[in-house]
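Read off the chains here:
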2 protein chains.
Amino acid sequence: MNKNKTLSPVGKSVPRIDAREKVSGEAKYVFDMTFPGMLVGKMLRSPHAHAKILKIDTSKALKLKGVKAVITAEDTLKIKFGSNEFFFPYTVDQYPLEFEKVRYIGDEIAAVAAVDEETAKEALSLIEVEYEILSAVFNTVDAMKPGAPQIHSSMNNIGVMLPVSFGNPDKALKESDYVREDIFYLQSAAHCALEPHVSLGQYEVSTNKITLWTSTQAPFKVREAMAKVLKMATADIRVIKLNVGGGFGGKLEMLPMDFAACLLSKKSGGLPVKITCSREEEFSFTRRKHPMVYKLKSGVKKDGTIMAITGEVIADGGAYCSYGPTVIAAAIMRIFMVYKIENIRLMGFRVYTNNSISGAIRGFGGVQSGFAIESHMDMLARGIGMDSMEFRLKNATDPNTVTVNKLIISSNGLKDCIKKVGEACGWKEKNGKDKTDGDIVCGIGMGIAADVMGSKMYKSHESAGSIIKVEEDGSVYLFTGAADTGQGSDTALAQIAAQELGVAYERIRVKAADTETTPFDTGSFASRVTFISGNATKNAATDAKKQILEIVALELKCDSNDFDIHDECVVKKADNSKIMDFDKAIQLCYSFDYGRLIIGRGNYNPKTTPIDFRTGQGNVSGSYSFEAQVAEVEVNKKTGEVRVTKMYDVHDIGYPVNPASVHGQIEGSIVMGIGYTLYEDLKFDQGRVVNPSFSKYRLPRSIGIPKIESIFIETNDPQGPFGAKGMGESSLLPTAAAIANAVYDAVGVQIKDLPITPEKVLKALKEKEDRG
Amino acid sequence: MNKNKTLSPVGKSVPRIDAREKVSGEAKYVFDMTFPGMLVGKMLRSPHAHAKILKIDTSKALKLKGVKAVITAEDTLKIKFGSNEFFFPYTVDQYPLEFEKVRYIGDEIAAVAAVDEETAKEALSLIEVEYEILSAVFNTVDAMKPGAPQIHSSMNNIGVMLPVSFGNPDKALKESDYVREDIFYLQSAAHCALEPHVSLGQYEVSTNKITLWTSTQAPFKVREAMAKVLKMATADIRVIKLNVGGGFGGKLEMLPMDFAACLLSKKSGGLPVKITCSREEEFSFTRRKHPMVYKLKSGVKKDGTIMAITGEVIADGGAYCSYGPTVIAAAIMRIFMVYKIENIRLMGFRVYTNNSISGAIRGFGGVQSGFAIESHMDMLARGIGMDSMEFRLKNATDPNTVTVNKLIISSNGLKDCIKKVGEACGWKEKNGKDKTDGDIVCGIGMGIAADVMGSKMYKSHESAGSIIKVEEDGSVYLFTGAADTGQGSDTALAQIAAQELGVAYERIRVKAADTETTPFDTGSFASRVTFISGNATKNAATDAKKQILEIVALELKCDSNDFDIHDECVVKKADNSKIMDFDKAIQLCYSFDYGRLIIGRGNYNPKTTPIDFRTGQGNVSGSYSFEAQVAEVEVNKKTGEVRVTKMYDVHDIGYPVNPASVHGQIEGSIVMGIGYTLYEDLKFDQGRVVNPSFSKYRLPRSIGIPKIESIFIETNDPQGPFGAKGMGESSLLPTAAAIANAVYDAVGVQIKDLPITPEKVLKALKEKEDRG
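Please read these numbers as outputs of a predicted model, since none were measured by experiment. (Residues numbered from 1 in each chain as written. Chains lettered and ligands numbered in written order. Predicted model: local features only at pLDDT ≥ 70, side-chain atom pairs only at ≥ 80, totals over all residues. Heavy atoms only, no water.)

Let us look at the relation of the copies chain A and chain B. Placing chain A over chain B gives an RMSD of 0.0 Å and needs a rotation angle of 180 degrees, together with 0.0 Å of translation along the axis. Taken together, the rotation angle and the small translation identify this as a two-fold axis. Taking C-alpha positions as reference, the residue of chain A nearest the rotation axis is A:Thr517, located at 3.1 Å. The overlap is high: 100% of the interface residues of chain A also sit at the interface in chain B, so the same surface is used on both sides. (Least-squares fit on C-alpha atoms with pLDDT ≥ 70 in both. Contact = heavy atoms within 4.5 Å.)

Structure representation (structure tokens):
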């Protein structure tokens, strides 16, 4: 069928399945879609951080020529939605359109659809809203004070609380040889996906069905929320993901604009309505990273044994809950995957403020946690005069263990990662050595991390399904609900399908992420797709293969269990001898006598247990990935500027389905990590984002990116498809600490407040000098 | 989920699943589709009936402003396509665009795509073609003569020959008490679907993929042909059927316009190209009914036993083969289903002429056969002085028999149909009685028929597949490749899915006939959909139900085999006691612990054997349907006008999935039969259709339609889904003979030449009078 066949594709860096359409520019994004009669939709947002809505008058807007629909909450069923409903019903706190009060600058209260952009903008200006301004609160300290303005009904504005406690940390602290306290401050940040949010809704009047094209990481979650707020059957709502220009956690939820596009279409008698976010709206009104404060007090023995970790984590959640519970959990729970620890007490608080909504962003809370914990660990090691690599090796988790909070860790290459990264960077030769050249001082620093692949946090389950349809000429469709947002999951799933079915990669056509035509999949988050959707795909291919082999066995009057398919051949398992070509087998299936259409179906639900939010106990993921990272930096003592000169990443990813893709993910994560560590800072003034543009919000640029050396440790996970584990986020987790620790190694100051700006470095150097 | 639930829907006249969108006018047809930049395509057709193509010069057309592409055969791979390739490789005789010669007025030789209709038309006129005119032949008598112009390479222009011979017909004729010969003439006719053919092709440059929206009864057959002529993988061609405004056999094949729309899009750099047929093109250049001549010589015993049937059937096939073999087979083989007959010799010839292409039309050759055989049978009965109903009862086939040519007949209500229709119409009281009122004479006549449900004539198999996807809220998608062209199959399949899954009809959403997203299905023809696609759907629902019950059993620690689902409840099979609601069961499947996505898959391949075209042996269908029909007519002796006053149809359809739909099919068939019997006649002059419009081509109108009484005989076919058999065509088969026999009953003349025009009746009456 194909001249250039890639046989046994798993483990090979095959080109992306969407490479041609991407590089040619033919790839379609929602923004590119247009329909006859399509309307322009716009959202009316609150200009106030906290206010009662007294009255909304849309009559003037409705009278404007060219306006086809105006909606407010009065046109809705006033049903709230939220992303962590299953565990925290009380975190379901947002209406598609607010009507009682607004809680941040940007809160959606109305929407219009008009024949063009100008008219839509004018219509917005004609909607008259009467507010009663309320006092607002913009930081967690003030928000948690008794008597602070109540943003929702929750006590002291604490939206989510996660008390984690195991062992006897007080006793353990007392028994420690060295105890220290640190406070770490982590700023907010934006996702900065190149493609802003776009929603295109179309309502079908006669059938009462909705189609929504939206830039999403989780079409089935969008559908679920939409079905809830519209009280519709899920099968009457079709959510379609086209190409997505990056999500990074920012496209995991139904947004009010998704809802508005659909309802405006309904109100317009079925005309399609497209709503697009400008870059400014994207920065100001979508989702953002939780700013956090980590207060840590920990104790160690002289031999390096961590005795106890205690403290609290306070996150600024902004106006609504979004993925708050998941983020606060991730901000705390990852420590159990990384360090053997018996005594722990960490209190997590996610606090409402009148800032914009904090939500999921690549790594969830793990990036914040990674910086705090891994900086803190370096300081603990330093306190007992131990090499920080040795300290980490001493305390790192082992394979096939159960942690104190009941995480079940099977494959675990963490210690190998640490050793390997140490070798790769020449840790022993470089760490702690003076490397000064004029004003420039070199330093080296380490961080380690672990990550989930999937997270048992979804409403009811964490499954994925796949369907494999083998056509009569042997070409193969793979239907998956998984959402490739640029990370290459369609490619990896095609490789897995081809490998398991025993055919060339080039046979596979992936059709993905359309809630109507593809099986359910919770979405692209928690680094779950390769692991969970990959297993579902493998199972679907196994099912298809079984059917093909049954027909071969019928024809040959043999037992189908004796056969397998490899490299486009049906073979005898016993001696791998060739029975017939795959094409021949398919011809047989579709022959006159058999007429057996090959449709394989697969499902995968990882064996996990949910986190108990009263204790922190539970096994959230079917397996865990691990890594160690080293940063080499140059610090300019005169200017305070930090330059990352080299990054090393050694990663236990189980087995790389597509090595080039995995390296790409690691490099992308590290670059994102460098950005958060050194540059990025989403700043607010009285609840208003003050740098909502790429000219004001600093991102790393290609010329500043260091060489990144990335190495795999293959642990061949027993649960993973072909041994593979997920890794879309984890390389981001230790980067900030590795850089901060390297800065310390260079100039002896530990920056505990991100981003590490030249000003902060200079100030710390000055303070150090002042101290003598 | 739904307030108005229809439980156990099979057997109930539920409203059509597409009723709302159809009656609101919101239903989309290909004609309604439009894309930005869409081009208008037009076909260049031969003005000659038979000519060599010497030269085609497209240069002037290409230079015209607004012309985006011009294609001729030189732009193609010059690969032929045909519809009966598997059995008759030599009948694959048509190029997508011809280049050596043209064989009928309308043969496609080039196509253009331009920015608008005017420009496209002008471009056509600028293409210069040099022809060398060849002698043409327009009737089968001339075409079969030695030395006739050779249209293809086949001897005497016989494209297909089917010699059927069993027993010793010569001996049996000699042993007969009464032998008679008759010749029947059957005219051509057009399908007259309200929606003409429309093709919209879109090529994707970067991925080399094609999407074709086309008005078709068989998207997978169109895809197969397209993949062949373009040498592409089937999975790179997506054929989508939207709503179809009738097919009646005329939309069963890829047409050159389908091909041209796709290739023009490719040549235009990926712009979509739409080609529509005008009504004139529809009449003149698509497909039409085979005109046929039946020469029959048969013998009977005095007791009514049919001893032998012999003769020949000659069909004018026009310029290309199309579905010729299937039609000629149907024109002969149906007799075995209807009459117990041991001695038979019938020679079938399908002859090439330079008329337009004859192809499939509702009933295939069965309509022609029905008229000839059932008229002939009346005359045979008359010859031995036997009541024609008694004669039919005497010779009709029985249940659970194997015919002389190895048809395996299981359920068979034919005799019950005959008896029942006799009772319903008052046969004994009316037949043969004088019913004269002035110039008006009443008459009554009968015809009987049988039909297949599916026909093992497809390239390689006759299967259908279905997928059932149960969403997390219990709403259900049914994916089927079956093509609803207005007959209501989507509705019937939804009923079958709901019945087997044990849920309300309202839960089902049907997604059909998209070669990408739905399983393979050969298409809507041979009355196969309810039977074959219905079984596939039932199997998919069984598979889905099994999975649901497995989860219920796991939860309850029971054996899933002890459970079933009925009327939205999981019940214990033993005592039908309720275990839990269906909704509860689905919640369980999609729960945290199980995370089991419900995807059912089903496949059905009837156990049949192909017809051996050297003898006529083979069991083409998994089961057979039967019927008896009676026509009551008034003949105006003065004007010769025949008016059908009442029709009775008693039909063994196994079990009616949707009684209203079945009645509708029967009524539609009968009306079509009345049209063919009395009015319709596609006329040619030197190969040119002379009446290509609804003003010149006479169709029956609503005011002329008689009351139709239709009655079901339920035989509960053991192979059929819930006992159902197919019946989309069979009511058309006996109508012409029933009317002709009624005319005889009224005025004593047997018209053997359709249509039965007033002129023919008057002429026959005159001849009868002249004979005295």
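Additional details are given in the paragraphs that follow.
Another point: the sheet that holds strand S28 (residues 642-652) of chain A. Consider a sheet: its strands pair through backbone hydrogen bonds, and that pairing is either parallel or antiparallel. All names here are of chain A. Ordered in space as S18-S19-S27-S28-S31, the five strands form an open sheet in which the pairing is mixed. In the strand order of this sheet, the two ends are held by strand S18 (436-437) and strand S31 (707-713), each with one partner. Here strand S27 (residues 624-636) runs beside S28; their pairing, made up of 10 bridges, is antiparallel. If you follow Glu634 over to S28, its bridge partner there is Arg643. Running at roughly 95 degrees to strand S19 (residues 440-452), helix H9 (residues 324-338) makes contact with S19 and S27 of the sheet. In the packing of helix H18 (residues 735-747) onto the sheet, contacts are made with S19, S27 and S28, and the angle to S19 comes to roughly 155 degrees. (Pairing = 2+ DSSP bridges. Helix = DSSP H or I, 4+ residues; strand = E, 2+ residues; numbered from the N terminus. Axes fitted to C-alpha atoms, helices over the stretch in contact; angles between N-to-C directions.)

In total, this model carries 24 aromatic pairs over all chains according to the counting rule given. Residues A:Tyr104 and A:Tyr320 carry aromatic rings whose centres are separated by 6.5 Å and whose planes lie at 80 degrees to one another, so their mutual orientation is edge-to-face. Taken together, the positions of A:Tyr104 in the loop between strand S4 (101-102) and strand S5 (108-114) and A:Tyr320 in the loop between strand S14 (306-318) and H9 put the pair 216 residues apart, joining distant regions of the chain. The same class applies to A:Tyr104 and to A:Tyr320, which are both buried. Geometrically, the ring pair formed by B:Phe283 and B:Tyr697 is tilted, given 5.0 Å between the ring centres and 50 degrees between the ring planes. Residue B:Phe283 is located in helix H8 (residues 279-285), and its partner B:Tyr697 is located in the loop between strand S30 (688-689) and strand S31 (707-713); the two are separated by 414 residues in the primary sequence. B:Tyr697 matches B:Phe283 in its accessibility class, with the two residues each being buried. Among the aromatic residues, those joined into a cluster by ring pairs are A:Phe220, A:Phe520 and B:Tyr590. Between A:Lys752 and the ring centre of A:Phe184, over which it is positioned, the NZ or CZ distance is 6.0 Å. In this arrangement the basic side chain of B:Lys274 is found over the ring face of B:Phe31, its NZ or CZ atom lying 5.2 Å from the centre. (Phe/Tyr/Trp six-rings, centres within 6.5 Å; stacked < 30°, edge-to-face > 60°. Buried < 20%, exposed > 50% of the residue type's maximum accessible area, 1.4 Å probe, protein only. Lys NZ or Arg CZ within 6 Å of the ring centre and 35° of its normal.)

Here we take up the pattern of salt bridges. Residue and element names in this part refer to chain A. Taken as a whole, this structure holds 102 salt bridges over all chains when the rule is applied. With its nearest N and O atoms 3.0 Å apart, the salt bridge here joins Asp18 to Lys22. Here Lys22 falls in the partly exposed class, since its relative accessible area comes to 27%. Glu74 is the salt-bridge partner of Lys78, the closest N and O atoms lying 2.9 Å from each other. The exposure class of Glu74 is exposed, given its relative accessible area of 58%. Overlapping salt bridges, with partners in common, bring together Lys5, Arg507, Glu568 and Asp583 in one network. (Salt bridge = Lys/Arg side-chain N within 4 Å of Asp/Glu carboxyl O.)

Let's shift gears to the side chain of A:Asn405. All names here are of chain A. Counting through the fold element by element, Asn405 comes out in the loop between strand S16 (401-402) and strand S17 (408-409). By relative accessible area, which is 0% here, Asn405 ends up buried. A polar contact is formed between the side chain of Asn405 and the side chain of Thr403, at a distance of 2.5 Å. (Polar contact = N/O pair within 3.5 Å; in protein donor to acceptor, adjacent residues only side chain to side chain.)

This brings us to the packing of helix H15 (residues 529-556) of chain A against helix H16 (residues 582-589) of chain A. Residue and element names in this part refer to chain A. Packing of H15 against H16 leaves a shortest axis separation of 9 Å and a crossing angle of 80 degrees. Judged by the inter-axis angle, H15 sits roughly perpendicular to H16. Judged by residue contacts, Ile548, Ile551, Val552 and Glu555 of H15 engage Phe582, Ala585, Ile586, Leu588 and Cys589 from H16. Classifying every residue of the contact of H15 with H16 gives eight nonpolar, no polar and one charged. (Parallel < 35°, antiparallel > 145°, perpendicular 65-115°, else oblique. Nonpolar A, V, L, I, M, F, W, Y, C, P; charged D, E, K, R; others polar.)

Of the residues lining the interface, 65 residues belong to chain A; the matching set on chain B comes to 65 residues. Counting the surface lost from both chain A and chain B, the interface buries some 4,900 Å², and carbon and sulfur atoms represent 54% of this. Across the pair A:Arg223 and B:Glu472 runs a salt bridge, and its minimum N-O distance is 2.8 Å. Across the chain A-chain B interface, the total number found is 40 residue pairs in polar contact (both at pLDDT 80 or more). Here the side of chain A that touches chain B takes five residues from strand S20 (residues 464-470) of chain A, the largest share from any one element. (Buried area = accessible area lost by both parts, 1.4 Å probe.)

All names here are of chain A. By the secondary structure assignment, Ser623 is in the loop between strand S26 (598-604) and S27. Taking the C-alpha atoms as reference points, Ser623 and Ala330, separated by 293 residues in sequence, lie 15 Å from one another. For Ser623, the residues in contact, after removing those within four places along its chain, are Ser410, Ser411, Asp451, Val452, Met453, Phe531, Asp717 and Lys725. A polar atom in the side chain of Ser623 sits 2.5 Å from the side chain of Asp717.

All names here are of chain A. On the secondary structure map, Ser730 appears in the loop between S31 and H18. Residue classification places Ser730 among the buried positions, given a relative accessible area of 1%. The contact partners of Ser730, leaving out residues within four places of it in the chain, are Ala449, Asp451, Ser625, Glu627 and His651.

Here we come to unusual backbone geometry. Cis geometry is adopted by the peptide bond preceding A:Pro755, which originates at A:Leu754 and carries an omega value of -10 degrees. Inspection of the secondary structure assignment puts A:Pro755 in the loop between H18 and helix H19 (758-771). Although it is not a glycine, A:Asn576 adopts a positive phi angle of roughly 60 degrees. Residue placement: A:Asn576 occurs in the loop between strand S24 (569-572) and strand S25 (578-581). Although it is not a glycine, B:Lys557 adopts a positive phi angle of roughly 55 degrees. Relative to the helices and strands, B:Lys557 is located in the loop between helix H15 (529-556) and strand S23 (563-566). A relative accessible area of 75% means that B:Lys557 is categorised as exposed.

Looking now at the domain arrangement of chain A. Residues and elements named next belong to chain A. For chain A, the assigned domains read domain 1 (19-29 + 463-604), domain 2 (33-134 + 193-247 + 251-285) and domain 3 (383-456 + 614-771). Once you take the C-alpha centre of each, domain 2 and domain 3 turn out to be 38 Å apart. Counting residues at the interface gives eight residues for domain 2 and 11 residues for domain 3. In total, about 750 Å² of surface goes out of reach between domain 2 and domain 3, with carbon and sulfur atoms giving 70% of it. On the domain 2 side of the interface with domain 3, the three residues burying the most area are Ile105, Arg279 and Phe283, jointly 67% of the side's total. Applying the counting rule to domain 2 against domain 3 returns zero salt bridges. On the surface where domain 2 and domain 3 come into contact, there are zero residue pairs in polar contact (both at pLDDT 80 or more). (Domains from an automatic or database assignment.)

With that settled, consider the pairing of S28(A). In terms of burial, S28(A) is a largely internal element, nine of the 11 residues being buried. Linking two consecutive strands that pair antiparallel, namely S27(A) and S28(A), is a turn of five residues; a positive phi of about 80 degrees is found at A:Gly640 within it.

Note: α-helices contain 3.6 residues per turn, so residues at a spacing of three or four share the same orientation. Residues and elements named next belong to chain B. With 12 residues, helix H7 (residues 256-267) should cover 16 Å at 1.5 Å per step; its first-to-last C-alpha distance of 16 Å lies within 8% of that length. Of all the 12 residues making up H7, 10 are buried; the element is thus mostly covered by neighbouring parts of the structure. Among all positions in H7, only Pro256, Met257, Asp258, Phe259, Ala260, Ala261, Cys262, Leu263, Leu264 and Ser265 are buried. Looking one or two residues past H7, Gly269 carries a phi angle of roughly 80 degrees, positive in sign. (Expected span 1.5 Å × (residues − 1).)

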